Structures are given as C-alpha cells and as structure tokens.
Amino acid sequence: MAARSVWAVRRLVQRLLAPSAASEGRGWLHPFSTATQRTAGEDCSSEDPPDDLGPSLAERALKLKAVKLEKEVQDLTMRYQRAVADGENIRRRTQRCVEDAKIFGIQSFCKDLVEVADILEKTTEYISEETEPGDQKLTLEKIFRGLSLLEAKLKSVFAKHGLEKMTPIGDKYDPHEHELICHVPAGVGVQPGTVALVRQDGYKLHGRTIRLAQVEVAVESQRRL
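In this convention, every chain numbers its residues from 1, walking through the sequence in written order. At least 70 in pLDDT is required for a residue's local features to be given in this predicted model, at least 80 for side-chain atom pairs to be given and counted, and no such filter applies to totals for whole chains, interfaces and linings, which use all residues. By convention in this description, side-chain values take in all heavy atoms of the structure and omit both hydrogens and water.

J.: Any details on the overall build of the protein? Residues and values, ideally.
T.: Helix and strand counts for the protein come out as 5 helices and 6 strands. Starting at the N terminus, the α and β elements of the protein follow one another as α-α-α-α-α-β-β-β-β-β-β. The rule is simple: take the accessible area with a 1.4 Å probe, protein chains only, and divide by the maximum for that residue type; under 20% is buried, over 50% is exposed, in between is partly exposed. Across the 225 residues in the protein, those meeting the buried criterion constitute 13%. Any two residues whose heavy atoms approach within 4.5 Å at even a single point are treated as in contact. Looking at the protein alone, contacts between residues at least 24 apart form 63% of all its contacts between residues at least 6 apart. The method behind every accessible area is Shrake-Rupley, applied with a 1.4 Å probe, and residues are considered shielded solely by the protein chains displayed. Total accessible area on the protein is roughly 18900 Å²; 58% of this is exposed by carbon and sulfur atoms. In DSSP terms, a helix is any run of H or I states spanning at least four residues, a strand is any run of E spanning at least two, and both are numbered starting from the N terminus.

J.: Mind laying out the pattern of salt bridges, listing which residues take part and the relevant values?
T.: Salt bridge, as used here: a side-chain nitrogen of Lys or Arg that lies within 4 Å of a carboxyl oxygen of Asp or Glu. Going through the model one piece at a time under the given rule, you end up with 9 salt bridges. Ionic pairing is found between Asp 75 and Arg 79, a salt bridge with its closest N-O pair at 3.4 Å. A residue pair is termed a helical-turn pair when its members lie 3 or 4 positions apart in one helix, as Asp 75 and Arg 79 do in helix α3 (residues 53-104) at 4 residues. Among the ionic contacts, a cluster of salt bridges with common partners joins Glu 88, Arg 91 and Arg 92.

J.: I'd love a proper account of the sheet that holds strand β4 (residues 202-205), names of residues and values included.
T.: What the 3 strands build is an open sheet, ordered β1-β4-β5; its pairing is antiparallel. In the strand order of this sheet, the two ends are held by β1 (163-166) and β5 (208-211), each with one partner. Across the sheet, the mean angle from the axis of one strand to that of its neighbour is 35°, orientation sign disregarded. Pairing between two strands is assigned when DSSP locates at least 2 bridges connecting them. In terms of strand pairing, β1 meets β4 through 4 bridges, oriented antiparallel. What sits directly across from Glu 164, in β4, is Lys 204. Every axis in this analysis is a line fitted to C-alpha atoms, fitted for helices over the stretch in contact. Angles between the N-to-C directions lie between 0 and 180 degrees.

J.: Summarise the sheet that holds strand β3 (residues 195-200); cite the residues concerned and give the values.
T.: Taken in spatial order, the 3 strands line up as β2-β6-β3 in an open sheet, and their pairing is mixed. Of all strands in the sheet, those bounded by a partner on one side alone are β2 (178-185) and β3. Strand-to-strand twist of the sheet, defined as the mean angle between neighbouring strand axes without regard to direction, takes the value 30°. In the sheet, β3 pairs with strand β6 (residues 213-219) via 4 bridges, with the strands oriented antiparallel. From the neighbouring strand, Gln 200 faces β6, where its bridge partner is Gln 214.

J.: Explain unusual backbone geometry to me, and be specific about the residues and the numbers.
T.: A positive phi angle, close to 55°, is found at His 206, a residue other than glycine. The exposure class assigned to His 206 is exposed, which follows from its relative accessible area of 65%.

J.: Give a description of a nonpolar patch on the surface that names residues and reports values.
T.: There is a patch of nonpolar side chains on the surface, built from Leu 140, Ile 143 and Leu 147 and spanning about 280 Å² of accessible area. With respect to the helices and strands, the residue Ile 143 is situated in helix α5 (residues 136-160). You can call Ile 143 partly exposed: its relative accessible area is 34%. What goes into a patch is any residue over 30% in relative accessible area without a salt bridge, connected to like charges within 9 Å or, for nonpolar side chains (Val, Leu, Ile, Met, Phe, Trp, Tyr), within 5 Å.

J.: Tell me about the nonpolar core, and name the residues and values.
T.: In this structure, Met 166, Val 195, Val 198, Ala 213, Val 215 and Val 217 together form the largest nonpolar core, which totals 6 residues. Take this core: its biggest share by element is 3 residues, from β6. With sequence-adjacent residues up to four places away left out, Val 215 is seen in contact with Pro 168, Tyr 173, His 178, Glu 179, Leu 180, Ile 181, Cys 182, Val 195, Leu 197, Val 198 and Arg 199. What makes a nonpolar core is a set of buried Ala, Val, Leu, Ile, Met, Phe, Trp, Tyr and Cys residues whose side-chain atoms join them at distances within 4.5 Å.

J.: Give a description of the UniProt feature "coiled-coil region" (unreviewed entry) in the protein that names residues and reports values.
T.: UniProt positions are given in the numbering used here, feature names are shortened, and annotations may be inferred rather than shown by experiment. The UniProt record annotates "coiled-coil region" (unreviewed entry) at residues 59-86. Helix makes up 100% of residues 59-86 and strand 0%, and the two end C-alpha atoms of the span are 40 Å apart.

J.: Now, about the environment of Val 219: what can you tell me, with residues and values included?
T.: Note on placement: Val 219 falls in strand β6. Residue classification places Val 219 among the partly exposed residues on the basis of a relative accessible area of 30%. Remark: the alpha-carbon pair of Val 219 and Pro 192, spanning 27 residues in sequence, is separated by 4.5 Å. What Val 219 contacts, discounting residues up to four positions off in sequence, is His 183, Val 184, Pro 185, Ala 186 and Pro 192.

See below:
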C-alpha cells in the first residue's frame, strides 16, 4: 500500500510538470519567469514621465517668476521716478514761495508807510501854500500839528505790525537789548547797574530785538580818599 501511494504521488507530479515543459518547448513564458518580470518592469516604467520633464517645469516656473519680478521692478522704477519728479516740483514751488515772501513780506508795512509819506507831503504843501511871509508863529504851529499827525500815524503803524519801541530807563542793563555807551555815577533814585539815560531808542519786532538801545549805565561813584 505504501508503494502504491508513492507511485501515485510521482504520477501526479509528472502530470503537473508536463504542461510547464511543453509550454517551455513552445516558447511560452512562465508567469513568474525572469523575462516576464522584465517585461512587466519595462511596461510599468514606460508609464512614468521621463526624468528630463522635471527640470523643464522648474525652468518654466523660474522664467515666470523672473518675468513677474521684472514687471515689479519696472513698476517700482516708474513710481520712484514719479515721486522724484513730484518732489522736485514741490521744491521749486517752495523755493519760489520763499523768494516771494522775502520780496513781498513787507508789502503791508510799506503800504502803511506810504500813508505816513502822504501825511508828510500834504503837511509840507499846506505849510508852504498858506503860511504868510514873516508869520513864524503860525508856521511853527502848522509844523507842530503836521509832526504830531506823523508821530501818531507812525505809532499806529508800528503797533499794527508788532514793532515796539523800548523804554529801558530804570531797567537793569541787558547786553542782549542794550548797547553800553558809557558809565555815569548813580544819582538819587538811580540804582547802580541800571539804565540811567537813553541815547538812541531800541526796537523790538514781535518780541525780538532788531535794534539795541544805546544807553548809559549807572555805577557806584568812587569815594575820594
């Protein structure tokens, strides 16, 4: 029984191997043969894109990015040039305004001074036309009235434009406002170091000194031994 079983197994194996050998003789390939595996590998690899497509796509992306950056550079360049041109125009207009301010800044003040000149001219004409020869008293009265009008008009013009005359008598000497001419002995009611006499009036424009007042300053009198 054992021998028959061995013989049956051998017959079964031969039957199973017989179609494989026949297929090899006819040129058929085993499903798991090397050729079949090579063909399958080639077919699978043929479906993948070639390796040179990767760099070409990268180059295209870089070119597109370069074009985009170039457009941005051109746009920024145009904006910069436009800003420079606008700045230059503003600078020219500002310079023109400054020059006009230098030239016409005292236009209002000059207009008011013209009115003072008109008063002086009319006063002179009035005195020369209506004054009788030899009447000095009347002439002096007309001159006085004319000068009084001029003084009042000048004071109003100065006040209008912020021009103020300094009256530093009795004030403490200040080198920023006073020009020292000489020293004088301090008298009664005059403190040393204060202004005792004004030789020439000083003026301030809106609080800024534009002309120093020429003054004499009191000092303590030296006692004789």
